[in-house]
Amino acid sequence: MTPVVVVLAAPSGGGKTTIARALVARWPERYGFSVSATTRAPRPGERDGEAYFFLSREEFLRRRDAGDFLEWAEYAGELYGTLKREVDRVLQAGRHVLLDIEVQGARQVRQRYPPPASVAVLILPPSAAELVRRLRERRTESAAEMAKRLETAIWELRQAEAFDHVVVNEDLDATVAAVDRIVAAPQATPRAAAEGERIKKLIVDLNQKIKEIS
Ligand code: 5GP
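As a starting point, this report considers the structure included with it. (Residues numbered from 1 in each chain as written. Predicted model: local features only at pLDDT ≥ 70, side-chain atom pairs only at ≥ 80, totals over all residues. Heavy atoms only, no water.)

1. Overview of the packing of helix α1 (residues 16-26) against helix α7 (residues 172-184)
Two elements in contact, α1 and α7, have axes whose closest approach is 10 Å; the angle formed by their N-to-C orientations is 70 degrees. Viewed along their axes, α1 and α7 adopt a mutual orientation that is roughly perpendicular. Residues Thr18, Ile19, Ala22, Leu23 and Arg26 of α1 form the contact with α7, whose participating residues are Leu172, Asp173, Thr175, Val176, Ala177, Val179 and Asp180. Classifying every residue of the contact of α1 with α7 gives 7 nonpolar, 2 polar and 3 charged. (Axes fitted to C-alpha atoms, helices over the stretch in contact; angles between N-to-C directions. Helix = DSSP H or I, 4+ residues; strand = E, 2+ residues; numbered from the N terminus. Parallel < 35°, antiparallel > 145°, perpendicular 65-115°, else oblique. Contact = heavy atoms within 4.5 Å. Nonpolar A, V, L, I, M, F, W, Y, C, P; charged D, E, K, R; others polar.)

If you want it as structure tokens, here you go:
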């Protein structure tokens, strides 16, 4: 097995963190997780060095200028970045490295690791209502923050063509198996044409949700 960089992207609340954790739990010899750096505050239960490396803005920018990041991006007003050190650590252990990142970062990674060195998978929520429900369940976002995240989700869905593969996350086990199949044989799993329509519908429904919230 040649280890590759696996970019998992999804609108916030799309479930990609859960999917990445499940891949590592199921196949610990096959997958490893890259811990990102961020300037956002930890949510309850998130520990430094596990969920993220939590940095001040100043420290983040210092590390960016020192060239520590493979990619970085601003998302909902905070900075997020993939540490080169983390990616190398996992690849050198002979495992695929999972990056749970947003779309701008995904693009940068694709440039640094062109296919077949990387595989990009867009994870879609089954519906707009389900995405809102998952975000609400987290209880960390105010109405304004929620609307901002949904706006970002729409923007991200419009970038779907940046991804080779799309998986709809209805059921965790099925999604995890689908991502593993794609990573094992990316060419054998082409993107289905029907997903373009699904993405368009999600965008329409998310716009409606934003109106309801605001
Ligand atoms: P959250 O604040 O909900 O943990 O993450 C917000 C968004 O930032 C998610 O879409 C998440 O995938 C993305 N993200 C997390 N780490 C990184 C990273 O290292 N780089 C980039 N570009 N995005 C990240």
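From this point on, the discussion continues.
2. What about the pattern of salt bridges?
Applying the stated criterion across every chain yields a total of 19 salt bridges. Measuring nitrogen to oxygen at the nearest pair gives 3.7 Å for the salt bridge that ties Glu29 to Arg95. Of this pair, Glu29 sits in the loop between α1 and β2 (31-33) while Arg95 sits in the loop between α3 (84-92) and β7 (96-100), placing them 66 residues apart in sequence. Owing to a relative accessible area of 62%, Glu29 belongs among the exposed residues under this scheme. Residues Lys200 and Glu197 are paired through a salt bridge, measuring 3.4 Å at the closest nitrogen-oxygen approach. (Salt bridge = Lys/Arg side-chain N within 4 Å of Asp/Glu carboxyl O. Buried < 20%, exposed > 50% of the residue type's maximum accessible area, 1.4 Å probe, protein only.)

3. Considerations on the packing of aromatic side chains
Here the distance between the centres and the angle between the planes together describe a pair of aromatic rings. Counting across every chain of the model gives 5 aromatic pairs. Measuring from ring centre to ring centre gives 6.1 Å for Tyr75 and Tyr80, while their planes differ by 85 degrees; the resulting arrangement is edge-to-face. With respect to burial, Tyr75 and Tyr80 carry one shared label: buried. Counting every residue linked through ring pairs, the aromatic cluster contains Tyr52, Phe54, Tyr75 and Tyr80. (Phe/Tyr/Trp six-rings, centres within 6.5 Å; stacked < 30°, edge-to-face > 60°.)

4. Section: the packing of helix α5 (residues 128-138) against helix α6 (residues 143-158)
Between α5 and α6, whose axes approach to 11 Å, the crossing angle comes to 140 degrees. In terms of their interaxial angle, α5 and α6 are classed as oblique. Seen from above, α5 lies across α6 with right-handed handedness. In contact with Leu131, Val132, Leu135, Arg136 and Arg138 of α5, α6 contributes Met146, Arg149, Leu150 and Ala153. Here the contact of α5 with α6 is composed, by residue class, of 6 nonpolar, no polar and 3 charged. (Left-handed = near helix turned anticlockwise from the far one by under 90°.)

5. Considering the pairing of strand β6 (residues 78-83)
Counting buried residues in β6 gives 5 out of 6 residues, a clear majority hidden from the surface. As defined by bridge partners, strand β3 (residues 37-38) adjoins β6 across 2 bridges and the pair is classed as antiparallel. Residue pairing in the sheet places Thr38 in a bridge with Tyr80 of β6. Both strand β5 (residues 69-75) and β6 contribute to a ladder of 6 bridges, which runs antiparallel. In the sheet register, Glu71 faces β6, and the bridge partner there is Thr82. Adjacent in sequence and paired antiparallel, β5 and β6 are bridged by 2 residues, among which Ala76 carries a positive phi angle near 45 degrees. (Pairing = 2+ DSSP bridges.)

So far we have only geometry, and geometry alone does not tell us how the molecule works.
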